[in-house]
Amino acid sequence: MNARVVDLKVLGVPQAPLVALESGRNVPFEIERVYYLFGTAAGKSRGFHAHKKLQQLIICVRGSCRVLLQDGKEEMEVFLNKPNKALYLSAMIWREIHDLSQDCVLVVLADQYYDEHDYIRDHERFLEMAERRAKD
Ligand code: TYD
């Protein structure tokens, strides 16, 4: 699966840590958009989609959550609970975000502007498209 956890270097002194994100350095693409997910109601999961072209880097800067990933062949589960741990996702990966803590804040870096046409929100359609791409 073209998804991986990336350890981000913590800069500064232990009493005042920070993480810097730079296109083409520790972020493996040119950043076009940044957004954040927060204030998720208890018991509510998020995501449930894949992207046709978009690449993303997801960082849980506060709280924790569990991310389920599928590429049509493999499944993977990642627990995000540290501001220095990032999850890189290539295109064509179905993601579901579960068990978000009340204080969970996810910062997402993306290599394209928002485009609803890039979303695959139907899981059956995603599996069909993933299978077709695997054959090409
Ligand atoms: P969505 O991707 O469905 O978020 P989640 O599954 O994490 O809750 O997006 C929710 C809404 O926000 C949807 O109407 C699209 C809109 N949106 C934008 O307008 N711009 C963006 O950059 C993003 C990510 C979403």
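Further up the page is the structure itself.
Keep in mind it's a predicted model, so treat the numbers as computed, not measured.

**Focus: the side chain of histidine 49**
Moving on, step 1. Position of histidine 49 relative to the elements: it lies in strand E5 (residues 46-51).
Moving on, step 2. Side-chain polar atoms of histidine 49 contact the backbone oxygen of glycine 47, separated by 3.1 Å.
Moving on, step 3. A distance of 3.4 Å separates the side chain of histidine 49 from the side chain of histidine 51, its partner in a polar contact.
Moving on, step 4. For histidine 49, the contacting residues outside a window of four places in its chain are Ile93, Trp94, Arg95, Tyr119, Ile120 and Arg121.

**As for the sheet that holds strand E1 (residues 3-7)**
Moving on, step 1. Pairing is antiparallel in the open sheet, where 5 strands are placed in the order E1-E9-E6-E11-E4. Single-partner strands in this sheet number two, and they are E1 and strand E4 (33-37). Strand-to-strand twist in this sheet, taken as the mean axis angle between neighbours without regard to direction, amounts to 25°.
Moving on, step 2. Here 5 bridges tie E4 to strand E11 (residues 105-110), and the two strands are oriented antiparallel to one another. Within the sheet, the bridge partner assigned to leucine 37 lies in E11 and is leucine 106.

**Looking at the pairing of strand E8 (residues 75-80)**
Two faces make up the sheet, and in a regular strand the side chains alternate between them.
Moving on, step 1. With 6 bridges joining them, strand E7 (residues 65-70) and E8 adopt antiparallel strand pairing. Its bridge partner being in E8, arginine 66 is matched across the sheet by phenylalanine 79.
Moving on, step 2. Here E7 hands over to E8 after 4 residues, with glycine 72 in that stretch at a positive phi of 100°.

**Some words on the sheet that holds E8**
Moving on, step 1. Spatially, 5 strands are ordered E8-E7-E10-E5-E12 in an open sheet, and the strand pairing comes out antiparallel. Two strands bound the open sheet, and with one partner strand each, they are E8 and strand E12 (119-120).

**Some words on the site of the ligand**
Moving on, step 1. Arg33, Tyr35, Leu37, Arg46, Gly47, His49, Tyr114, Tyr119 and Arg121 make up every residue found near the ligand.
Moving on, step 2. Arginine 33 is positioned such that a nitrogen or oxygen atom in its side chain is 2.4 Å from an oxygen atom of the ligand.
Moving on, step 3. At a separation of 3.0 Å, an oxygen atom of the ligand approaches a polar backbone atom of glycine 47.
Moving on, step 4. Relative to its unbound accessible surface of 540 Å², the ligand loses 58% to contact with the protein.
Moving on, step 5. Where the shell around the ligand is concerned, the elements lending two or more residues are E4 and E5.

Scoring rules and cut-offs
- Residues numbered from 1 in each chain as written.
- Predicted model: local features only at pLDDT ≥ 70, side-chain atom pairs only at ≥ 80, totals over all residues.
- Heavy atoms only, no water.
- Helix = DSSP H or I, 4+ residues; strand = E, 2+ residues; numbered from the N terminus.
- Polar contact = N/O pair within 3.5 Å; in protein donor to acceptor, adjacent residues only side chain to side chain.
- Contact = heavy atoms within 4.5 Å.
- Pairing = 2+ DSSP bridges.
- Axes fitted to C-alpha atoms, helices over the stretch in contact; angles between N-to-C directions.
- Near = heavy atom within 4 Å.
- Areas by Shrake-Rupley, 256 points an atom, 1.4 Å probe, with all protein chains shown as cover.

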